[in-house]
Amino acid sequence: MGRVIAIANQKGGVGKTTTCVNLSACLAQLGRKTLAVDADPQGNTTSGLGVDKDGLEFSVYDLLLGQCYTEDALRPTSVDGLTLLPSNIDLSGAEIELISAERREYVLKGILDNAKYLYDYVIIDCPPSLGILTLNALTAADGIIAPIQCEYYALEGLTQLLRTVELVQKRLNPFLRLDGILFTMFDGRANLSMQVVDEVKKHMPGDVFATIVPRNVRLSEAPSHGLPVTLYDPRSRGAEAYQALALEVLGRKS
């Protein structure tokens, strides 16, 4: 049975989508059948994997509202072994439309429980807020990868995320665990980057990935070409970092 991992942080701009796109691609390139789930109404994982988010017939929105089957919404990507459940701005309506739904936090779980029999990994890109979409993702997930940018305010965001994980464990998903904290946008020339890394490692030594994702121009350019960085520039530092992260994730699978 496959493992569901939510890429989550209530703070925006920390590299959630970059991590979802590139970790999914690297897992697939390592021979693991992988499903990327775009649960963010911005649809950046969708466009980052080369799918036109404005031309979708069915999306995660339709799935959550029971208006299509999972196979109707699935889209292939340019990476062998990687399939996408896409989204676009329509998904923002789900926050309102699911309010009155019975067991509304479990809708995505019902969809992905079946997918776990077809894929080795399911990677969910969460929106940067604690709404019904993020709660659905955390309820469906076995684990969380929390990207944090190497800056001072990232520590506040991490504290909020850990509180959220505790609440979800108590009320919705007792099997949820923190797979690891991933440092992103690391600048080795900046003292602050090193201080943030050292501070988090000091307080949470067993919960930090050894891989650190650097600031990298190729990582920033790849989405505009609809490609993961491992296809756009496989020799870049960004590609090497996400390849290393994928190996770590494989090693942590329980």
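Refer to the preceding data block for the structure.
Residues numbered from 1 in each chain as written. Predicted model: local features only at pLDDT ≥ 70, side-chain atom pairs only at ≥ 80, totals over all residues. Heavy atoms only, no water.

Engineer: Describe in detail the sheet that holds strand S7 (residues 177-186), supporting the description with residues and values.
Structural biologist: With mixed pairing, the eight strands of this open sheet are ordered in space as S3-S4-S2-S5-S1-S6-S7-S8. Only two strands of the sheet have a single partner each, and these edge strands are strand S3 (75-76) and strand S8 (208-214). With five bridges joining them, strand S2 (residues 34-38) and strand S5 (residues 121-125) adopt parallel strand pairing. The partner of Asp-38 across the bridge, within S5, is Asp-125. (Pairing = 2+ DSSP bridges. Helix = DSSP H or I, 4+ residues; strand = E, 2+ residues; numbered from the N terminus.)

Engineer: Just give me the short version of helix H8 (residues 154-171), but keep the residues and values in it.
Structural biologist: Its 18 residues place the ends of H8 26 Å apart at the C-alpha level, agreeing with the 26 Å of an ideal helix rising 1.5 Å per residue. Residues of H8 that are buried include every one of Ala-154, Gly-157, Leu-158, Leu-161, Thr-164, Val-165 and Val-168, and no others. Each buried residue of H8 sits inside an arc of 120° when the element is viewed along its axis, so together they form one side. Facing away from the buried surface of H8 by more than 90 degrees, the exposed residues are Arg-163, Lys-170 and Arg-171. (Expected span 1.5 Å × (residues − 1). Buried < 20%, exposed > 50% of the residue type's maximum accessible area, 1.4 Å probe, protein only. Arc of directions from axis to C-beta.)

Engineer: Before we move on, can you summarise the pattern of salt bridges with the specific residues and values?
Structural biologist: Going through the model one piece at a time under the given rule, you end up with seven salt bridges. Two residues, Asp-179 and Arg-177, come together in a salt bridge whose shortest N-O distance is 2.9 Å. Since its relative accessible area comes to 8%, Asp-179 is described here as buried. The network of salt bridges with shared partners includes Arg-3, Arg-177 and Asp-179. (Salt bridge = Lys/Arg side-chain N within 4 Å of Asp/Glu carboxyl O.)

Engineer: I'd like a rundown of the state of the cysteines, residues and numbers included.
Structural biologist: Taken as a whole and judged by the stated rule, the model has zero disulfides. The thiol sulfur of Cys-20 is not disulfide-bonded, and the nearest other cysteine sulfur, from Cys-126, lies at 8.7 Å. Its relative accessible area of 0% is what places Cys-20 among the buried residues. Cys-26 takes part in no disulfide bond, and the closest cysteine sulfur to it belongs to Cys-20, at a distance of 12 Å. (Disulfide = S-S within 2.5 Å.)

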